[in-house]
Amino acid sequence: MNTTPTQNEDWLFEITPKNSFFSLPLKEVWQYRDLLFLFVKRDIVTVYKQTVLGPLWYLIQPLFTSITFTIIFNSVAGIETGVVPPFLFNMAGITVWNYFTACLNGTSDTFRANAGIFGKVYFPRIITPISIVVSNLLKLGIQILIFLVFYAYFYVQGAEVGFHWTAVFFPFLVLLMGILGLGLGMIISSLVTKYRDFTHLIGFGVQLLMYLSAVMYPLALIEEKLPKYGWLVHYNPLAYIIETSRYMLLNVGTLSVKGLLFTFVVTIFVFFAGLLVFNRTEKSFIDTV
């Protein structure tokens, strides 16, 4: 039986080398959408598969972190949060921050963690980090639900809290965080294939970045207390995302259009830089990982 395709016969799709390092194969990602959903399911199921508390870690982590921040930064250090209860102020920042760090940490190990799969079968490699960003939306949704429970409690207790009308644009902030985490994660993942010790710096770097992202203090506090070093925070796009999210969810803080525009530009730049490095590494990582 002759299985050679004729000249006029069309293939379903053809696997060819990328013509550009900036290639973003959205068409292929859509063709492999079933695989994307499988990876998302894998990421959700395997994280807490053999744990004692399972998904309760989604509740425990932000809850205890918020309590710790409230005690240390508000009770001991005396950082004021205005009319908003300090616990609720901290939980809003931590909830948003957790999504970014989950995306960054998950995508930063893409090549090394999936070397076995990448070396055996073809599929658009970018599906793997995208699946991590998508799967972390479940964790974000659960933590936002927890935040809303405490929000309702403090509201019933008479706290002066309320959503700002700009909260309808909160999904846009989530999208920015996901893209920024994806871009940085692809850059780090590409570096880890050659420099293994780079993984030890990620945890320290993320911890340091948290203190520069206004997670546990208002952005205006830096301008008031440390005006000479305020640029360290003001040139951090995550600080504007955190501050804007609290403005939307708690109607506290400031909304900087210029800061959000800066964040958008940096996010797009980081994403395409990550895509460039990711595509370059994809061609030869199997020899170095």
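Scroll up a little and you will see the structure.
A brief look at the structure comes next. (Residues numbered from 1 in each chain as written. Predicted model: local features only at pLDDT ≥ 70, side-chain atom pairs only at ≥ 80, totals over all residues. Heavy atoms only, no water.)

A closer look at the nonpolar core
Residues Leu88, Trp97, Phe147, Val215 and Leu250 are the most contacted members of the largest nonpolar core, which totals 69 residues. Considering each element in turn, this core owes the most residues, 12 residues, to helix 4 (residues 86-107). In this structure, Leu88 is in contact with Phe147, Phe150, Tyr151, Phe154, Val161 and Leu250, ignoring residues within four places of it in sequence. (Core = buried A, V, L, I, M, F, W, Y, C linked by side-chain atoms within 4.5 Å. Buried < 20%, exposed > 50% of the residue type's maximum accessible area, 1.4 Å probe, protein only. Helix = DSSP H or I, 4+ residues; strand = E, 2+ residues; numbered from the N terminus. Contact = heavy atoms within 4.5 Å.)

Re the side chain of Ser108
Considering the arrangement of structural elements, one finds Ser108 in the loop between helix 4 and helix 5 (110-113). Relative accessible area serves as the criterion here: at 5%, Ser108 is assigned to the buried category. For Ser108, the residues in contact, after removing those within four places along its chain, are Gly185, Ile188, Ser189, Val192 and Ile202.

Things to note about the layout of surface pockets
Empty space among the atoms can be located by rolling a probe the size of a water molecule over them. Its boundaries defined by the atoms lining it, the largest pocket holds a volume of some 570 Å³. Lining the largest pocket are 30 residues, with Thr101, Ala102, Asn105, Asn136 and Lys139 sitting closest to its centre. The element best represented in the lining of the largest pocket is helix 4, accounting for seven residues. A class-by-class count of the residues in the lining of the largest pocket yields 14 nonpolar, 12 polar and four charged. (1 Å grid on protein atoms, 1.4 Å probe; cavity = no way out; pocket = protein on both sides within 12 Å on 5 of 7 lines; lining within 4 Å. Points joined across faces, edges and corners; volume = space filled by probe spheres on them. Nonpolar A, V, L, I, M, F, W, Y, C, P; charged D, E, K, R; others polar.)

A few points about a nonpolar patch on the surface
Together, Trp165, Val168, Phe169, Phe172, Leu175, Leu261, Phe264 and Val265 give the surface a local cluster of nonpolar side chains, amounting to about 880 Å² of exposed area. Looking at the nonpolar patch, the elements that each hand over two or more residues are helix 8 (170-192) and helix 13 (257-282). Broken down by element, the nonpolar patch gets its largest block of residues, three residues, from helix 13. For Val168, the location among the structural elements is in the loop between helix 7 (127-156) and helix 8. (Patch = residues over 30% accessible without salt bridge, like charges linked within 9 Å, V, L, I, M, F, W, Y side chains within 5 Å. Areas by Shrake-Rupley, 256 points an atom, 1.4 Å probe, with all protein chains shown as cover. Salt bridge = Lys/Arg side-chain N within 4 Å of Asp/Glu carboxyl O.)

Here's the deal with the packing of helix 4 against helix 9 (residues 199-211)
For any two helices packed against each other, one specifies the crossing angle of their axes together with the interaxial distance. Running from amino to carboxyl end, helix 4 crosses helix 9 at an angle of 160°, the nearest separation of the two axes being 12 Å. Regarding the angle of helix 4 to helix 9, the classification is roughly antiparallel. Of the two elements, helix 4 crosses helix 9, and the hand of that crossing is right-handed. Between helix 4, through Trp97, Phe100, Thr101, Leu104 and Asn105, and helix 9, the contact on the second element is made entirely by Ile202, Val206, Leu209 and Met210. Here the contact of helix 4 with helix 9 is composed, by residue class, of seven nonpolar, two polar and no charged. (Axes fitted to C-alpha atoms, helices over the stretch in contact; angles between N-to-C directions. Parallel < 35°, antiparallel > 145°, perpendicular 65-115°, else oblique. Left-handed = near helix turned anticlockwise from the far one by under 90°.)

Digging into the environment of Phe154
Structurally, Phe154 is set in helix 7. Along the sequence, Phe154 and Val84 sit 70 residues apart, while their C-alpha atoms lie 9.2 Å from each other. Sequence-distant contacts of Phe154, that is, excluding residues within four places in its chain, are made with Pro85, Phe87, Leu88 and Ala159.

Things to note about the packing of aromatic side chains
Counting across every chain of the model gives 12 aromatic pairs. With 5.3 Å between their ring centres and 85° between their planes, Phe69 and Phe73 make a pair best called edge-to-face. Note that Phe69 and Phe73 are positioned in helix 3 (residues 57-76) at a spacing of four residues, about one turn of the helix. Owing to a relative accessible area of 16%, Phe73 belongs among the buried residues under this scheme. Judged by centre distance (4.7 Å) and plane angle (20°), the ring pair of Tyr151 and Phe163 falls under stacked. (Phe/Tyr/Trp six-rings, centres within 6.5 Å; stacked < 30°, edge-to-face > 60°.)

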